[in-house]
Amino acid sequence: MSDTEYDENGAAEEFVELDLDKTLTWTGNAVIVQRGTVFRMPLLVPYPSVLAIQFEVEGGYDIEFSLTFKDDHEQDSSVLVEPVRV
């Protein structure tokens, strides 16, 4: 089930109600990633899912963030979110 709300500019924002029995939540105090390296966190997803990501960067540093998807039966991956500097 999904709900649509509107921001102050009138743009639609869709929210999906999560099934808590099928929800993976990962919380960590810190992940340290050295300059020029990559942090990967593979998730195995056996059924259609919603991915919601929230993170903070201490110290005002810039990071480059992207998401890729790879089907188990395919060799190549596809980019879901192009690399973005945040």
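Structure: above.
What comes next concerns the included structure.

Per the secondary structure count, the protein includes 0 helices and 4 strands. Along the chain direction, N to C, the helices and strands of the protein fall in the order β-β-β-β. Relative to its full complement of 86 residues, the protein shows a buried share of 1%. In the form shown here, the protein has an accessible surface area of approximately 8,800 Å², with 50% of it arising from carbon and sulfur atoms.

Evaluated as defined, the whole model comprises 1 salt bridge. For the salt bridge of Arg85 with Glu64, the shortest nitrogen-to-oxygen distance reads 4.0 Å. Taken together, the residues span a long stretch of sequence, with Arg85 in strand 4 (residues 78-85) and Glu64 in strand 3 (residues 64-69) at a distance of 21 residues. Side by side, Arg85 and Glu64 carry an identical accessibility label, which is exposed.

Definitions and cut-offs
Residues numbered from 1 in each chain as written. Predicted model: local features only at pLDDT ≥ 70, side-chain atom pairs only at ≥ 80, totals over all residues. Heavy atoms only, no water. Helix = DSSP H or I, 4+ residues; strand = E, 2+ residues; numbered from the N terminus. Buried < 20%, exposed > 50% of the residue type's maximum accessible area, 1.4 Å probe, protein only. Areas by Shrake-Rupley, 256 points an atom, 1.4 Å probe, with all protein chains shown as cover. Salt bridge = Lys/Arg side-chain N within 4 Å of Asp/Glu carboxyl O.

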